[in-house]
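# Topology and contacts: notes
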Amino acid sequence: MNYSSSAQFTLAARVLHWLMAAMILTMLFIGVGMVASVSERHDWLIRIHKPLGIAILILAVVRLAVRLRHPPPPLPVDLPPLQKVAALASHWLLYALMFAMPLIGWAMLSAGGYPVMLSESLRLPPIFPVSPVAFAVLRHAHAWLAVLLFLTFLAHMSAALYHGLIRRDGVLSSMTGIRLR
Ligand code: HEM
Ligand code: HEM
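This one's a predicted model, so the numbers in the text were calculated from it and none came from an experiment.

### Some remarks on the site of ligand 2
Taken together, 19 residues form the shell around ligand 2, and within it His17, Arg63, Arg67, Tyr95 and His156 come nearest. In the model, an oxygen atom of ligand 2 is placed 2.8 Å from a nitrogen or oxygen of the arginine 63 side chain. One of the side-chain N or O atoms of arginine 67 is found 2.8 Å from an oxygen atom in ligand 2. The set of elements that each furnish at least two residues to the shell around ligand 2 consists of α1 (11–36), α2 (43–69), α3 (81–111), α4 (132–167) and α5 (171–176). Residue composition of the shell around ligand 2, grouped by class: 14 nonpolar, 3 polar and 2 charged.

### What about the coordination of the iron atom of ligand 2?
The protein atoms donating to the iron atom of ligand 2 are His17 (NE2) and His156 (NE2), with metal-donor distances spanning 2.0 Å. Classification of the site at the iron atom of ligand 2 rests on its 6 donor atoms, whose angles at the metal span 88 to 180°, yielding the label octahedral. Here histidine 17, found in helix α1, pairs with histidine 156, found in helix α4; they are 139 residues apart in sequence, far enough to count as distant. Under the relative-accessibility criterion, histidine 156 is labelled partly exposed at 25%.

### Comments concerning the pattern of salt bridges
On inspection of all chains with the given rule, the structure shows 2 salt bridges. Where aspartate 169 meets arginine 167, a salt bridge forms, and the shortest distance between an N and an O atom there is 2.8 Å. Given a relative accessible area of 1%, aspartate 169 falls into the buried group.

### Brief notes about the site of ligand 1
Neighbouring residues of ligand 1: 23 residues in total, closest Met27, Met34, His49, Arg139 and His142. Measuring from an oxygen atom of ligand 1, one finds a side-chain N or O atom of arginine 139 at 2.7 Å. Note that a nitrogen atom of ligand 1 is positioned 2.8 Å from one of the side-chain N or O atoms of histidine 142. Listing elements by their share of the shell around ligand 1, those giving two or more residues are α1, α2, α3 and α4. Looking at the shell around ligand 1, its residues break down into 16 nonpolar, 5 polar and 2 charged.

### Some words on the side chain of histidine 17
The exposure class of histidine 17 is buried, given its relative accessible area of 11%. In this structure, histidine 17 is in contact with Arg63, His156 and Met175, ignoring residues within four places of it in sequence.

### Let's talk about α1
In an α-helix there are 3.6 residues to a turn, and that puts residues three or four apart on one side. With 26 residues, α1 should reach 38 Å at 1.5 Å per residue; the first-to-last C-alpha distance of 38 Å fits that figure. Residues of α1 that are buried include every one of Ala13, Arg14, Leu16, His17, Met20, Met23, Ile24, Met27, Leu28, Ile30 and Gly31, and no others. Where α1 is buried, its residues meet α2, α3, α4 and α5.

### Regarding a nonpolar patch on the surface
Taken together, the side chains of Phe29, Trp144, Val147, Phe150, Leu151, Leu154, Met157, Leu161, Tyr162, Leu165 and Ile166 define a hydrophobic patch exposed on the protein surface, amounting to about 1100 Å² of accessible area. A total of 10 residues in the nonpolar patch trace back to one element, the largest contributor, which is α4. If you trace the backbone, leucine 151 turns up in helix α4.

### Describing the nonpolar core
Ranked by internal contacts, the top residues of the largest apolar core, which has 23 residues, are Met20, Ile24, Ile56, Met98 and Leu149. Elements that contribute at least two residues to this core include exactly α1, α2, α3 and α4. Counting residues per element, this core draws most heavily on α1, which supplies 8 residues. Those residues in contact with methionine 20 that lie beyond four places of it in its chain are Ile56, Leu59, Ala60, Arg63 and Met98.

About the cut-offs
- Residues numbered from 1 in each chain as written.
- Chains lettered and ligands numbered in written order.
- Predicted model: local features only at pLDDT ≥ 70, side-chain atom pairs only at ≥ 80, totals over all residues.
- Heavy atoms only, no water.
- Near = heavy atom within 4 Å.
- Polar contact = N/O pair within 3.5 Å; in protein donor to acceptor, adjacent residues only side chain to side chain.
- Helix = DSSP H or I, 4+ residues; strand = E, 2+ residues; numbered from the N terminus.
- Nonpolar A, V, L, I, M, F, W, Y, C, P; charged D, E, K, R; others polar.
- Donors = N, O, S within 2.8 Å, 3.2 Å for Na, K, Ca; no water.
- Tetrahedral: all angles 85-135°; square planar, octahedral: opposite > 155°, others 65-115°.
- Buried < 20%, exposed > 50% of the residue type's maximum accessible area, 1.4 Å probe, protein only.
- Salt bridge = Lys/Arg side-chain N within 4 Å of Asp/Glu carboxyl O.
- Contact = heavy atoms within 4.5 Å.
- Expected span 1.5 Å × (residues − 1).
- Patch = residues over 30% accessible without salt bridge, like charges linked within 9 Å, V, L, I, M, F, W, Y side chains within 5 Å.
- Areas by Shrake-Rupley, 256 points an atom, 1.4 Å probe, with all protein chains shown as cover.
- Core = buried A, V, L, I, M, F, W, Y, C linked by side-chain atoms within 4.5 Å.

In C-alpha cells form, the structure reads like this:
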C-alpha cells in the first residue's frame, strides 16, 4: 500500500537526516583514516574528528527533539510485522549510536587525561575521571560501536533501497521528499 501524499517527514527532519548522514559517514572514514596512519601529516584528521563529532552530538539533541515533537509518518499497513519491528529497532539503535559515539569519544579522551580541544583555544571540560583502565575500555567501545554503526547503516540503506526500488511504497520518498511516478 502507498503512503498518502502527505505522509512525509517534516522538512526539519529531512534536512537533519541527510546532513547528519553525510557527517556521520565522514566521521567513520576520518576515524579509520586517523588510526590507520601514524604520520603527523594526517594530524588534520583528528583536528576535524573532534569538533565534527561534537557537532553531531548537538544536532542529535535537536533531532531527537524534532522527532518527539513530530512523530514520523506511519509505515505502510501491509508491511510484515517483523519488518516494522526491524525498522523501529534499527532507528532507535541509530539514535542511540548518534549519542553514544561522540559521548564515548569525549569520555575516552577525558579518561586518558587528554585535553578535548575543539579548536586552538576552545577546550571542553572532562566528562570522565582520569583512569587508564576506563581509557582502554572506552577506546575499545568507541572502535566496536563504530563497526556496529557502519553495519546498521548498511542494513538501513539496503532497507531504504528495497522500499524505494522494489516495494515502491513511498517510504524512501517520505525521507527524500522526491516523489517519482
Ligand atoms: C558520530 C561520532 C563519531 C564517530 C562516528 C567516530 C568514529 C570513529 C572511528 C571509526 C574511529 C576509529 C576507531 C578504530 O578503528 O580504532 C575513531 C577513533 C577515535 N575517535 Fe571517534 N568518532 C566519533 C566521535 C568522536 C568524538 C566526539 C571524539 C572526541 C571528542 C572522538 C575521538 C576519537 C579518538 C581520539 C579516536 C582515536 C582512538 C585510537 O587512538 O584508537 N570521536 N572514531
Ligand atoms: C549514517 C547514515 C544514516 C543514519 C544515521 C540514518 C538514520 C535514520 C534514522 C534514525 C531514521 C528514523 C527517522 C528519524 O527519526 O530521523 C531514518 C529514516 C530513514 N532513512 Fe536514514 N539514516 C542514514 C542514512 C540513510 C541513507 C543513505 C538512506 C537512503 C538510501 C536513508 C533512508 C532513510 C529512509 C527512507 C528513512 C525513513 C524510514 C521510515 O519511515 O521507516 N538513510 N534514518
